[in-house]
Each structure stands twice: as structure tokens, then as C-alpha cells.
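# A look at the structure
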Amino acid sequence: MYICFFPSFLPSFLPSFLLSNVCLHLFCATDVDLGDSGLAQLLRKLEGNTSITALDLHGTGITTEGSKMFAEALRSNRTFQSVGLHGNNLHDEGVVAIAEALLTNRSLTTLNLGVTKCAQEGAAAVANALTKNVNLTELNLAWNDIGDAGAKELAKALEVNQTLKDLNLGRNGIDRDGADALAAALEKNSTLKELNLESNNVPLESIEGRIGNLTAAARNEESVDAKSSMLSAITE
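The rules behind each value
Residues numbered from 1 in each chain as written. Predicted model: local features only at pLDDT ≥ 70, side-chain atom pairs only at ≥ 80, totals over all residues. Heavy atoms only, no water. Helix = DSSP H or I, 4+ residues; strand = E, 2+ residues; numbered from the N terminus. Buried < 20%, exposed > 50% of the residue type's maximum accessible area, 1.4 Å probe, protein only. Contact = heavy atoms within 4.5 Å. Axes fitted to C-alpha atoms, helices over the stretch in contact; angles between N-to-C directions. Parallel < 35°, antiparallel > 145°, perpendicular 65-115°, else oblique. Left-handed = near helix turned anticlockwise from the far one by under 90°. Nonpolar A, V, L, I, M, F, W, Y, C, P; charged D, E, K, R; others polar. Polar contact = N/O pair within 3.5 Å; in protein donor to acceptor, adjacent residues only side chain to side chain.

### Comments concerning the overall build of the protein
- When helices and strands are counted, the protein shows nine helices and eight strands.
- Counting the 236 residues in the protein, one finds 50% classified as buried.
- The contacts in the protein between residues at least 6 apart in sequence include a share of 84% that link residues at least 24 apart.

Rendered as C-alpha cells:
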């Protein structure tokens, strides 16, 4: 069971019995003007909830302050498996707060931080979290501005991370240096199955040679196929 609120419609309060319903697993408030104050109310009502595993708050007007509140909730929450905060103005400071929460959170497997105005500092914090977090399998950082510096930080994390399977870095101002760092990291990573680099300034020929190395270093046929195909959309 799930509940979804549409643009311009969100009750001024949500009945406690609704959010405590054991059949409710997904709460979606996409493009609702929730704001930080509305988020605070929602988080209070979700305290103690053990059934909602997915929370989609895409484009709900959450800012840096709201993301800090959400980060505090993530530190203690053991239920959320999927969280979408994309399309909110979290900025680096907010993304850093979320990343720090990942150091202790042990339930989250999917996190969408696309279009959150994340830059190098935020990417570095996320990268640090990836070196320690052992649960996250899908991460979306698309449509941000991490650049080559942020890509290099994430590349370092991929060298040691053994759980992430899907990483979206589309449209992030990544050039050849950042792509080279990511390609080198994939030589040491055997778990990542999809890396999205579309709409970046990355010429395919700049890493074509690395694909051969990845194939030679791959540990199994599945990783060979995945790593050879994950870069196919780079120039789109």
C-alpha cells in the first residue's frame, strides 16, 4: 500500500493513524510545497514508524536546513530503504549532512540526490560515506555540479566500496580527467554494474583503452558485460 500527494495538495496535518498503518510502505509527496516546516511535521509523525520503507520528497521545497533535519532522522531510522530528495535546494551543506548520516544508517539502499545543487564539497562527503557505508546499492547525483574534482573523490571511494551497484553522475560538468579517474577506479571495483555519465564533457575515445583493461581485470562474465556497456551512453 502507498499514499501519494500531488502538487498543491497536502493536508495541513497527517493523521497519526495513517502514518502508523502497517500496510503503508511508500509515502510520496512529489512536487508538493512541503518546505522545511512541513518536513519537520512529517518527520515527527514518522517517529516510531516501522512500515514505511520508501519516502519520495522530490521537489518539495526542502532547503539546507530541512536536509539537516532529515539527516538527523536518518541517523536513528532503521526502516527507510529508499529516499528521494531530488529537485530540492540542499546545496553542499545539506548534502554533507545527509552523507554524514550515511555513516551510521544501516537500512538505506537507494538514495536520490539529483538536482540538489551539490558541488565538490558535497561529492567529497558522499565519497567518504561510500568508503564506510555497506548498504547503499543505488545512488543518483545527476544534474549537479561536482566536476572533475568531485568525480575524482568518488573514484577513490569506488576503489574500496563493495556494495554500490548503480551510480548516476549524468550532467555534472565532468571532463576527461574525472572520467579517467572513474575508469581507473573501475579496474579495482568488481561490484558496480552501471555508471551513468551521459551529458558530460567526456569523449568516448578518452577511455576506450580503459574498457579493454576492465575486461581483462574483470572477475566474472557479468562484470565484463556490465563494465563494457555502462559507458556506452557517455557521449549522448
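### A short note on the packing of helix α2 (residues 35-46) against helix α3 (residues 64-76)
- Contact pair α2 / α3: the axes reach a minimum separation of 9 Å and the direction vectors enclose 15 degrees. Relative to α3, the element α2 is oriented roughly parallel. Pair α2 / α3 crosses with left-handed handedness. Contacts from Asp36, Leu39, Ala40 and Leu43 in α2 reach Glu65, Gly66, Met69, Phe70 and Ala73 in α3.
- For the contact of α2 with α3, the class distribution of residues is six nonpolar, one polar and two charged.

### A word on the side chain of Thr163
- Tracing the backbone through its elements, the reader meets Thr163 in the loop between α6 (147-158) and β7 (166-168).
- Among the polar contacts listed, one links the side chain of Thr163 to the backbone oxygen of Leu136, at a separation of 3.4 Å.
- Residue contacts for Thr163: discarding those within four places in its chain leaves Asn133, Val134, Asn135, Leu136, Thr137 and Thr191.

These figures capture arrangement, not role.
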